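Coordinate analysis (summary)
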Amino acid sequence: MSDVVLAVEIAAAEKTYPNGTRALLPVDLTVQPGEFVTLLGPSGCGKSTLLNIIAGLLAPSSGRVLVQGRVPDTRVADAVNLSFVFQEATLMPWARVAANVRLPLDLQGVSRVDADQRVSEALKLVGLEKFAESYPRELSGGMQMRASIARSLVTDPSLLLMDEPFGALDEITRNRLDDELLALWREKNLTVIFVTHSIHEAVYLSSRVIVMAARPGRVVESVTIAPTVPR
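Here we summarise the structure given alongside this text.

About the criteria used
- Sequence order sets the numbering: in each chain, residues are counted from 1 along the sequence as written.
- Residues qualify for local features only when their pLDDT is at least 70, as the model is predicted, and side-chain atom pairs are given and counted only at 80 or more; totals for whole chains, interfaces and linings, by contrast, use all residues.
- Excluded from the side-chain calculation are hydrogens and water; included are all heavy atoms of the structure.
- Starting at the N terminus, helices and strands are each numbered in turn, a helix being any DSSP run of H or I of at least four residues and a strand any DSSP run of E of at least two.
- Expected span, for any helix, means 1.5 Å times one less than how many residues it has.
- Using a 1.4 Å probe on the protein chains alone, a residue whose accessible area is under 20% of its type maximum counts as buried, one over 50% counts as exposed, and one in between counts as partly exposed.
- Two residues form a contact once any of their heavy atoms are found within 4.5 Å.
- Axis angles are defined between N-to-C directions and span 0 to 180 degrees, where every axis is a line fitted to C-alpha atoms and, for a helix, only to the segment in contact.
- An angle counts as roughly parallel when it lies under 35 degrees, as roughly antiparallel when it exceeds 145, as roughly perpendicular when it falls between 65 and 115, and as oblique in every other case.
- Should the near helix be turned counterclockwise from the far one by less than a right angle, the crossing is left-handed, whereas a clockwise turn marks it as right-handed.
- Amino acids outside the nonpolar list (Ala, Val, Leu, Ile, Met, Phe, Trp, Tyr, Cys, Pro) and the charged list (Asp, Glu, Lys, Arg) are all regarded as polar, and Gly is one of them.
- The pairing criterion is simple: DSSP has to find at least two bridges between the two strands.
- A pairing counts as a salt bridge when a side-chain nitrogen of Lys or Arg comes within 4 Å of a carboxyl oxygen of Asp or Glu.

Focus on helix α4 (residues 141–153)
- Between its first and last C-alpha atoms α4 spans 19 Å; for 13 residues at 1.5 Å apiece the expected length is 18 Å, and the two agree.
- Where burial is concerned, most of α4 is hidden: 11 out of the 13 residues are buried.
- Next to the buried residues of α4 lie β5 (82–85), α2 (97–108), α3 (112–125), β6 (159–163) and α5 (171–188).

A short note on helix α1 (residues 47–55)
- Extensive coverage of α1 is indicated by the burial of eight of its nine residues.
- Every buried residue of α1 is accounted for by Lys47, Thr49, Leu50, Leu51, Asn52, Ile53, Ile54 and Ala55.
- With its phi angle positive at about 85°, glycine 56 sits one or two positions after the end of α1.

Some thoughts on the packing of α2 against α3
- Contact geometry for α2 and α3: axes closest at 9 Å, N-to-C directions at 120°. On the basis of the axis angle, α2 is oblique to α3. α2 and α3 meet at a crossing whose hand is right-handed. Of α3, the residues touching α2 (which contributes Val97, Ala98, Val101, Arg102 and Leu105) are Arg112, Ala115, Asp116, Arg118, Val119, Ala122 and Leu123.
- Grouping the constituent residues of the contact of α2 with α3 by class yields eight nonpolar, no polar and four charged.

Some details on the sheet that holds strand β2 (residues 22–31)
- If you trace the three strands from one edge of the open sheet to the other, you get β2-β1-β4, paired in antiparallel fashion. The two strands at the open ends of the sheet, each matched to only one other strand, are β2 and β4 (62–67). Between one strand axis and the next, the sheet turns by 20° as a mean value, whatever way the strands run.
- Both strand β1 (residues 8–16) and β2 contribute to a ladder of six bridges, which runs antiparallel. Paired with valine 8 across the strands is valine 31, a residue of β2.

Some details on the environment of arginine 151
- Mapped onto the elements of the fold, arginine 151 is located in helix α4.
- Along the chain, arginine 151 and alanine 99 lie 52 residues apart, while their C-alpha atoms are 9.5 Å from each other.
- Contacts of arginine 151, omitting those with residues within four sequence positions, involve Ala89, Thr90, Leu91, Asn100, Val101 and Pro104.

Some remarks on the packing of α2 against α4
- Between α2 and α4, the shortest axis-to-axis distance is 7 Å and the interhelical angle comes to 35°. Taken as a pair, α2 and α4 cross one another with a handedness that is right-handed. Facing Val97, Asn100, Val101 and Pro104 of α2, the residues of α4 in contact are Ala147, Ala150 and Arg151.
- Among the residues making up the contact of α2 with α4, the classes are represented as five nonpolar, one polar and one charged.

Digging into the pattern of salt bridges
- Counted under the stated rule, the structure contains 10 salt bridges.
- Close ionic contact of arginine 102 with aspartate 116 constitutes a salt bridge, the shortest N to O distance being 3.6 Å. Of the two residues, arginine 102 is situated in helix α2 and aspartate 116 in helix α3; the sequence distance between them amounts to 14 residues.
- What makes arginine 102 buried here is its relative accessible area of 11%.
- Beyond isolated ion pairs, a larger network of salt bridges with shared partners links Arg102, Asp106, Arg112 and Asp116.

Structure below.
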């Protein structure tokens, strides 16, 4: 039987910026397919830097990073089936929700008929099927983030990277979106790497929590969370 390819494999990867700032000490980390791994730590501990390296948005200064067996690069994001949800919804304000969600498919050259079907399915997954023709300004903050998540799901990724996506939302909305994200993770059999500074959110969502400390950024502990459901 062939070995399962790791979703993410990081070996002694570190990051030092040109101004001399050492953002990350050498990091070793592996993520299995289907895991929900959260990077937890205070501001400035390198969580987002590490996530950007996994996404191919930043290159490590040294060490090795593989995503589904490939060196991460924005040019191979489609090949490794990866999507990224940023801290802000980053929707195009002049475009309707459906057009925002369809954007990755348009960039891939997917036919409009197929793209519209996939957009409809993605919006249904996040409960926004009735808002396809709305503009982002007509949505609440939580709904805008749902639209951003739908856009990340429309390409049917196997790896979902999320950089504090609910950090700016009120607690009630944040808790609801945490529940919806867990349901999506189970339904779509996703591998998720999630960044937060909330201990509660990390423990509630994750199958494993990677605890990071600052000055300079480093991993200090890996904590497996008991798979009790519901939590």
